[in-house]
Amino acid sequence: MRSKKIICNVYRSKKKDGLYLYVPKASGLSTVPEALLSMFGSPELAFSLLLTPERKLAKEDIQKVFESLDKEGFYLQLPPVKQDDYMQEINRHNHKMADQ
């Protein structure tokens, strides 16, 4: 990855807890598809930060964020999967496997 820096605005969704949208500050929300903004709801600025390849993010891979910003013009951070939901899905999957 080439060495670069991007000042990024991070917006939180008012519709879904844990859903965040990263966009370059320079372009703002102009690169985000209307359908995504409609699903996301009215974006609320959570914070701004300087992204560099060396930076560590708490829940995301910085390389994936850079790639999405370069390709799509935005990055959508999905809410974490709750452990209970994950375990229920494993149980459903295992039950289906046992029935085969």
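> Would you explain the environment of aspartate 61 in this entry?
Tracing the chain through its elements places aspartate 61 in the loop between strand S3 (44–51) and helix H2 (62–71). A polar contact of 2.8 Å, which involves the side chain of aspartate 61, links it to the backbone nitrogen of glutamine 63.

> Looking at this structure, how should I read the nonpolar core?
Generally speaking, a soluble globular protein has its nonpolar side chains buried in company with each other. If you look at the biggest cluster of nonpolar residues, it comprises twelve residues: Ile6, Cys8, Val10, Tyr22, Leu49, Leu51, Leu57, Ile62, Val65, Phe66, Leu69 and Tyr75. Broken down by secondary-structure element, the contributors of at least two residues to this core are strand S1 (6–12), S3 and H2. With four residues, the single largest contributor to this core is H2. Leucine 69 has contacts with Ile6, Cys8, Tyr22, Val23, Pro24, Leu51, Phe74 and Tyr75, leaving out every residue within four places of it along the chain. Formed by nine residues, the second largest nonpolar core is a distinct cluster that contains Leu19, Val32, Leu37 and Phe40.

> Looking at this structure, I do not really get the layout of surface pockets. What am I missing?
Where empty space is left becomes clear once a probe the size of a water molecule has been rolled over the atoms. As a volume, the largest pocket reaches approximately 160 Å³. Every residue along the wall of the largest pocket is listed here: Tyr20, Tyr22, Phe47, Leu49, Leu57, Ala58, Lys59, Glu60 and Gln77. Elements that contribute at least two residues to the lining of the largest pocket include exactly strand S2 (20–24) and S3. Residue composition of the lining of the largest pocket, grouped by class: six nonpolar, one polar and two charged.

Calculation rules
Residues numbered from 1 in each chain as written. Predicted model: local features only at pLDDT ≥ 70, side-chain atom pairs only at ≥ 80, totals over all residues. Heavy atoms only, no water. Helix = DSSP H or I, 4+ residues; strand = E, 2+ residues; numbered from the N terminus. Polar contact = N/O pair within 3.5 Å; in protein donor to acceptor, adjacent residues only side chain to side chain. Core = buried A, V, L, I, M, F, W, Y, C linked by side-chain atoms within 4.5 Å. Buried < 20%, exposed > 50% of the residue type's maximum accessible area, 1.4 Å probe, protein only. Contact = heavy atoms within 4.5 Å. 1 Å grid on protein atoms, 1.4 Å probe; cavity = no way out; pocket = protein on both sides within 12 Å on 5 of 7 lines; lining within 4 Å. Points joined across faces, edges and corners; volume = space filled by probe spheres on them. Nonpolar A, V, L, I, M, F, W, Y, C, P; charged D, E, K, R; others polar.

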